[in-house]
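Here is how the chains run, residue by residue.
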Amino acid sequence: MTDFAALAEDIAREAGEMLLAKRPTMSSAVETKSSPTDVVTALDKASEELIRARVLAARPDDTILGEEGGDIPGSSGVRWVVDPIDGTVNFLYGLPDWAVSIAVEVDGVAVAGVVNVVPRGEMFTATLGGGAWLAGDRLTCNRDVPLDRSLVATGFGYAPGRRAVQGEVVAAVLPLVRDIRRSGSCAVDLCSVAAGRVDAYYERGVNHWDHAAAGLIAAEAGARIGGLHGRPVSDSFALCAGPGLFAELHDVLAALDPERDA
Ligand code: IPD
Ligand code: CA
Ligand code: CA
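A quick note: this is a predicted structure, and the numbers were derived from the prediction, not measured.

> Is there a simple way to think about the coordination of the calcium ion (ligand 2) in this case?
Geometry reference: four tetrahedral donors at a metal, ideal angle 109.5 degrees. Six octahedral donors, ideal angles 90 or 180 degrees. Here the calcium ion (ligand 2) is held by D83 (OD), D86 (OD) and D210 (OD), and the distances to it run 2.1 to 2.2 Å. Counting the intervening residues between successive donors of the calcium ion (ligand 2) yields the motif D-x2-D-x123-D. Between the calcium ion (ligand 2) and the calcium ion (ligand 3), both coordinated by D83, there is a metal-metal distance of 3.6 Å. Highlighted residues: D83 in strand β5 (residues 78-86) and D210 in helix α6 (residues 208-220), separated in sequence by 127 residues. We note that D83, like D210, is buried.

> Before we go on, may I ask you to explain the coordination of the calcium ion (ligand 3) in this structure?
Binding of the calcium ion (ligand 3) to the protein goes through E67 (OE), D83 (OD) and I85 (O), at separations of 2.2 to 2.3 Å. Mapped onto the sequence, the donors of the calcium ion (ligand 3) take the spacing E-x15-D-x1-I. Since its relative accessible area comes to 1%, I85 is described here as buried.

> Before we go on, may I ask you to explain the site of ligand 1 in this structure?
Surveying the vicinity of ligand 1 reveals 16 residues, the closest of which are D86, G87, Y158, C186 and E203. Within the backbone of G87, a nitrogen or oxygen atom sits 2.7 Å from an oxygen atom of ligand 1. The side chain of R182 places a nitrogen or oxygen atom 3.0 Å from an oxygen atom of ligand 1. When ligand 1 sits alone it has 380 Å² of accessible area, and the protein chains cover 95% of it. Broken down by element, the shell around ligand 1 gets its largest block of residues, three residues, from β5. Grouping the amino acids of the shell around ligand 1 by side-chain chemistry returns five nonpolar, five polar and six charged. When residues are assigned to domains, the shell around ligand 1 turns out to be shared by domain 1 (2-138) and domain 2 (147-256), each giving three or more.

Here is what the cut-offs are and how they apply
- Residues numbered from 1 in each chain as written.
- Chains lettered and ligands numbered in written order.
- Predicted model: local features only at pLDDT ≥ 70, side-chain atom pairs only at ≥ 80, totals over all residues.
- Heavy atoms only, no water.
- Donors = N, O, S within 2.8 Å, 3.2 Å for Na, K, Ca; no water.
- Helix = DSSP H or I, 4+ residues; strand = E, 2+ residues; numbered from the N terminus.
- Buried < 20%, exposed > 50% of the residue type's maximum accessible area, 1.4 Å probe, protein only.
- Near = heavy atom within 4 Å.
- Polar contact = N/O pair within 3.5 Å; in protein donor to acceptor, adjacent residues only side chain to side chain.
- Areas by Shrake-Rupley, 256 points an atom, 1.4 Å probe, with all protein chains shown as cover.
- Nonpolar A, V, L, I, M, F, W, Y, C, P; charged D, E, K, R; others polar.
- Domains from an automatic or database assignment.

This is how it looks when you write it as structure tokens:
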């Protein structure tokens, strides 16, 4: 049987090496997607291409869901969920929080997740029931942090309307918490919850490939990840925190962000 975590890790490492070797300058070819601020570089596409080729060489019947390539359907019940660069804007500017993110799902359940934070040389990994790991250390999230002592990561989408609402929400959260962080990568934020580098993360409107791998890593580190009102994490809302804080932050966010469309 395939060791999914080992295969995902090998592929994420190879993609990371390629990206480091070919890292662009600001002048290299950049296109935009959903809005003028939503950029994609040629290397986002090259990274996904490399990952797709490696996965299909090893597992030709698997499905691949990738941010840049859409859905490649397979028949095995195994799906690879790929964000070839999470944190593309950081990548473009030479900031260190960007990652190659690969999750493996069997019949819709994440069984392995790998987040290679390439500039930091950090490979976060998790398997379902097997814990979350970084450099040989098992990760444990922070527990029972009171809201007013919590360091909370968040992110903003690319659409101006959504950003305006997210700005209102974060302005209301800021006085209630220790501080806010915005790394620019959902996958890095979730790994930071897993490693106890922040206490919580929330964001409206992230995509499945943003959180598929890192969500498993955070959960295996003991964090709770979900949506609002008892729903599972989804493209609508992602909230992740250790036990205790999850409920407190949930109630604040549910009151501030009552399922607004933006
Ligand atoms: C983005 C990052 C960012 C988050 C955005 C995502 P991308 O992914 O994860 O932190 O705030 O919502 O779209 O575009 O860099 O792959
Ligand atoms: Ca992403
Ligand atoms: Ca991306």
